[in-house]
Amino acid sequence: MQHTVTPVGIVRSCFKEKFAIPRQPRLAPAARGVLELLPPFDQGDAVEGLEQVSHVWLLFLFHQALEDKPRLKVRPPRLGGNKSMGVFATRATHRPNGIGQSVVRLEGIEPGRLLLSGIDLLDGTPVLDIKPYVPYADSIVGASNLMASDAPEAIAVDWSETALLQAREHALRLNEPLVELIEQCLAQDPRPAYQMPPPERVYGVKFWDVQVRWHYPQPDVIRVLEVMPEG
């Protein structure tokens, strides 16, 4: 049996690259985006009543990780990328139908648009459905996951004086909490767990329209080197 699905909207996100996106939603509260609703769902009728909701579930497509051949086992980053698990025991992006889900904060509603924060979605992500978060049903007291019982331990994030000044200037221009976004995302330590980079190796990623570069002066510390416009 096959089904055809059509997106109800497209996410315009602060994340322009897959690298450095938090591996779960809400780990970076400063991560913001807009869900642009597509016809016919861009009409007010489709979101009537949603102003009573603080958070929503988004069902979406991992549009840059779609695969023709299903995987039965994957290597989740949470386990260091060197241990395989059954695909249904993980939240890896390599899904049988490419479907992901995230619970995000609903910051506001505008004509044809939902304003979101705490997102973990790449710019351009197609959203298949939107459902309200229901606290009494969706929060389960006593629930457990022995593989991921707590949030990952954060790594220390340090700034060069120049990079911090640059980030603050761009934050004012963008009217976005850019300093907080950078700190919250880099604190998740985006490098692959098996990498032990030398201090001279520089990493980079694009948030909004700026390129952020950093290195590891020591294995348990990130130092932000610069925050520059792309190009």
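An unreviewed UniProt entry annotates the protein chain as tRNA (N6-threonylcarbamoyladenosine(37)-N6)-methyltransferase TrmO of Pseudomonas maumuensis.

Colleague: I would appreciate a short explanation of the layout of surface pockets in the present structure.
Modeller: Rolled over the atoms, a probe with the dimensions of a water molecule shows which regions are left empty. If you add up the space inside the second largest pocket, you get close to 210 Å³. For the second largest pocket, the full set of lining residues is His-3, Val-5, Leu-61, Leu-66, Glu-67, Arg-95, Pro-96, Asn-97, Gly-98, Ile-99 and Leu-128. Classifying every residue of the lining of the second largest pocket by side-chain character gives 6 nonpolar, 3 polar and 2 charged.

Colleague: Got a minute to help me understand the pattern of salt bridges in this structure?
Modeller: Side-chain pairs of opposite charge can arise whenever the charged atoms involved come near each other. Taken as a whole and assessed by the stated rule, the structure comprises 11 salt bridges. Between Glu-110 and Arg-113 there is a salt bridge, with its nearest N and O atoms 3.0 Å apart. For Glu-110, a relative accessible area of 34% puts it in the partly exposed group. Arg-113 sits in the partly exposed class, given a relative accessible area of 29%.

Colleague: It is not clear to me how the sheet that holds strand β7 (residues 113-117) should be interpreted in this structure. Could you clarify?
Modeller: Backbone-to-backbone hydrogen bonds pair the strands of a sheet. The strands run either parallel or antiparallel. Spatial strand order, β1-β2-β7-β6-β3-β8: 6 strands in a closed barrel with antiparallel pairing. Within the sheet, the average angular offset between the axes of one strand and its neighbour, ignoring direction, is 45°. Two elements, strand β1 (residues 9-13) and strand β2 (residues 32-37), share 5 bridges in a ladder whose sense is antiparallel. Bridging from a neighbouring strand, Gly-9 pairs with Leu-37 of β2.

Colleague: Looking at this structure, how should I read the side chain of Ser-102?
Modeller: Its location among the elements puts Ser-102 in strand β6 (residues 99-110). A relative accessible area of 1% places Ser-102 in the buried class. At 2.6 Å, the side chain of Ser-102 and the side chain of Asp-120 are in polar contact.

About the cut-offs
Residues numbered from 1 in each chain as written. Predicted model: local features only at pLDDT ≥ 70, side-chain atom pairs only at ≥ 80, totals over all residues. Heavy atoms only, no water. 1 Å grid on protein atoms, 1.4 Å probe; cavity = no way out; pocket = protein on both sides within 12 Å on 5 of 7 lines; lining within 4 Å. Points joined across faces, edges and corners; volume = space filled by probe spheres on them. Nonpolar A, V, L, I, M, F, W, Y, C, P; charged D, E, K, R; others polar. Salt bridge = Lys/Arg side-chain N within 4 Å of Asp/Glu carboxyl O. Buried < 20%, exposed > 50% of the residue type's maximum accessible area, 1.4 Å probe, protein only. Pairing = 2+ DSSP bridges. Helix = DSSP H or I, 4+ residues; strand = E, 2+ residues; numbered from the N terminus. Axes fitted to C-alpha atoms, helices over the stretch in contact; angles between N-to-C directions. Polar contact = N/O pair within 3.5 Å; in protein donor to acceptor, adjacent residues only side chain to side chain.

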